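Structural overview for review
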Amino acid sequence: MAAKVRKFEDELKDLESIVNQIDAGELSLEDSIGAFERGVALVKSLNQKLDEVERKVEMLTRSAAGVLETAPFDPAADDKTRAEKDDGDPPF
Amino acid sequence: MDEQLDFQLRGGRARALSVTALLRMVRETLEANLSDCWVVGEISNARLAPSNHFYFTLKDDRAAVNVVMFHRAFQHVRFKPEDGMEVIVRGRISVFEARGALQLYAEEIEPRGIGALQIALEQLKKRLAGEGLFDDARKRPLPFLPRTIGVVTARRGAGLRDILTVLYGRFPNLHVIVRPAKVQGEGAAGDIADAIADLNRDGRAELLIVGRGGGSLEDLWAFNEEQVARAIFRSTIPVISAVGHEIDYTIADFVADVRAPTPTAAAQMAVPSKAELQERIAAADAALAAGVRREVAGARETLDDLAARLRSPDGRVRELRLRAGQLALALAHAMGARGRSEALEAAHLRDRLLSSGAASLAARRHRLAELAARLDSLSPLKVLERGYAVVINSRDGRAVLDAARVEVGDELNVRVMKGRLRARTIAREV
């Protein structure tokens, strides 16, 4: 797996610690403006990370030759078509 | 007591053992050969002593043996052994020397029914544990926010439906890769192991859920097999086991990084709730803006205070100038030309005081304006998105911060997130 730029959970921790710092009034005005800018950037990045993945369900199968193939998979439709033929695969 | 006694018997020499020596020999012989054995039989005469040691007789239709299970071992027994129950007991055979009684000292007891299978399972468990497959040290933490999740379960199973329902309920945009597998019957273990290997080869999933819905112990057996255990162990992707059986642990549960009691529970552990995360981010976002607004307001107050205090040097300078003027006059009278230079110096002093005070005030004002501009430029739209509006007085084109500066009848230009409104001031409260 390629290393991600920043992990979501690390950014979330950073954001919350920035909020705590500003709330505690520990920072000078300039530092808190800087912290605010970093915070706003983190909010943007976090929201992006939550939304960046596309919703999809796929099915992975392996051909006789050992090649892996992925195809879209609709479990609801799958239930309907397969319920008609009994292939001996127990429904668990 | 003598261990043995030599004596004459019908003219020959013979050797007799003491009872103690005999029993010790018997005990040592038994213990050397039967230190760990499994015995199948029926329980009778079961009784729990006040010491919490458990005593019973294990018998079949031709023979019987006394069994003792000490509290130390008995406390781990998950069922209640009762008279008439068929059980498998593991323990060592020994002799209670004081009564010359043969006894089985039990370590484990299991109900019969799947006897041989159970023994095999225990042996496999012991072997895999010995190889370190169950070690806590190798358990990997689950990723906090996996975007792609691999699922190994029956294609038409209730388990798959439960997993997908819960996953998408918690996180509506997820990528799920299902690798269907046969989960019971001939070849199931091999198929499950292949599925885990396939998802590893595919490499996109950041987390695997391997399991099935509930069933009898026999139905779940594939998850007790070595092939599955080794496939989970070899997986470079963290694995949640999800075998639908609340009470018993399968071997897959021991090897997996995290064990979930059901497929539904596995899906809950797999992803955080997106809505909760969004709430956390939004709360932090709002707190950021509020915090900085407070900081700026505080700074503005400090500055106003400073500005108010800076006015007083004007008075002081006037005073100095007056005094200097008086001095100059006095000096001029007293010393002629020399007094004029003193007056000049006093005038200089006055100028310097005035200009430095003004410059420092201007510099601070400028800095504040700069900071405020940076703050405002960051994301005015974000503020509007939260339902706030900007009100501009059309009369002077300035944002309305103080109702006192708006006259009844003034036209106001209201900027909301989408579009603008023109409004007229009907009344005002200050």
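Higher on the page you've got the structure.
A quick note: this is a predicted structure, and the numbers were derived from the prediction, not measured. (Residues numbered from 1 in each chain as written. Chains lettered and ligands numbered in written order. Predicted model: local features only at pLDDT ≥ 70, side-chain atom pairs only at ≥ 80, totals over all residues.)

1. A look at the sheet that holds strand β15 (residues 411-415) of chain B
All names here are of chain B. Rules: Any two strands with at least two DSSP-identified bridges between them are counted as paired. Think of it this way: any DSSP run of H or I at least four residues long counts as a helix, any run of E at least two long counts as a strand, and we number them from the N terminus.
Taken together, the four strands give an open sheet; going across it, the order is β14-β13-β15-β16, and neighbouring strands pair in antiparallel fashion. Since the sheet does not close on itself, it has two edges, and those belong to β14 (398-399) and β16 (420-424), each with one partner. Summarising the sheet, strand β13 (residues 390-393) and β14 pair through two bridges and their orientation is antiparallel. Within the sheet, the bridge partner assigned to isoleucine 392 lies in β14 and is alanine 399.

2. With respect to the interface of chain A and chain B
Our working rule: By the criterion used throughout, residues are in contact when their C-beta atoms, derived from the backbone, lie within 7 Å. Ten residue types, Ala, Val, Leu, Ile, Met, Phe, Trp, Tyr, Cys and Pro, are classed as nonpolar, four, Asp, Glu, Lys and Arg, as charged, and the remainder, Gly among them, as polar.
Every contact between the two is made by 41 residues of chain A and, on the other side, 49 residues of chain B. When residues of the side of chain A that touches chain B are assigned to their parent elements, the largest contribution, 13 residues, is made by helix α2 (residues 29-51) of chain A. Here the side of chain A that touches chain B is composed, by residue class, of 22 nonpolar, four polar and 15 charged. In the sheet, strand β1 (residues 56-62) of chain A pairs with strand β9 (residues 175-180) of chain B via four bridges, with the strands oriented parallel. In the strand pairing of β9 of chain B, glutamate 58 of chain A is matched with isoleucine 177 of chain B.

3. Details of the nonpolar core
For clarity, the cut-off: The nonpolar core is taken to be a set of buried Ala, Val, Leu, Ile, Met, Phe, Trp, Tyr and Cys residues joined by way of C-beta atoms within 7 Å. Any residue surrounded by 20 or more other C-beta atoms within 10 Å of its C-beta is treated as buried, while 12 or fewer makes it exposed and the intermediate range makes it partly exposed; C-beta atoms here are placed from the backbone.
With 51 residues, the main nonpolar core has Leu167, Ile192 and Ile209 of chain B as its most contacted residues. No other element matches helix α5 (residues 188-202) of chain B, which puts seven residues into this core. In this structure, isoleucine 209 of chain B is in contact with Ile149, Val151, Ile163, Ile240, Ala242, Ala266, Ala267 and Ala270 of chain B, ignoring residues within four places of it in sequence. Judged by nonpolar contacts, the second largest core, of 15 residues, contains Val19 and Ile22 of chain A together with Ile281 and Ala284 of chain B.

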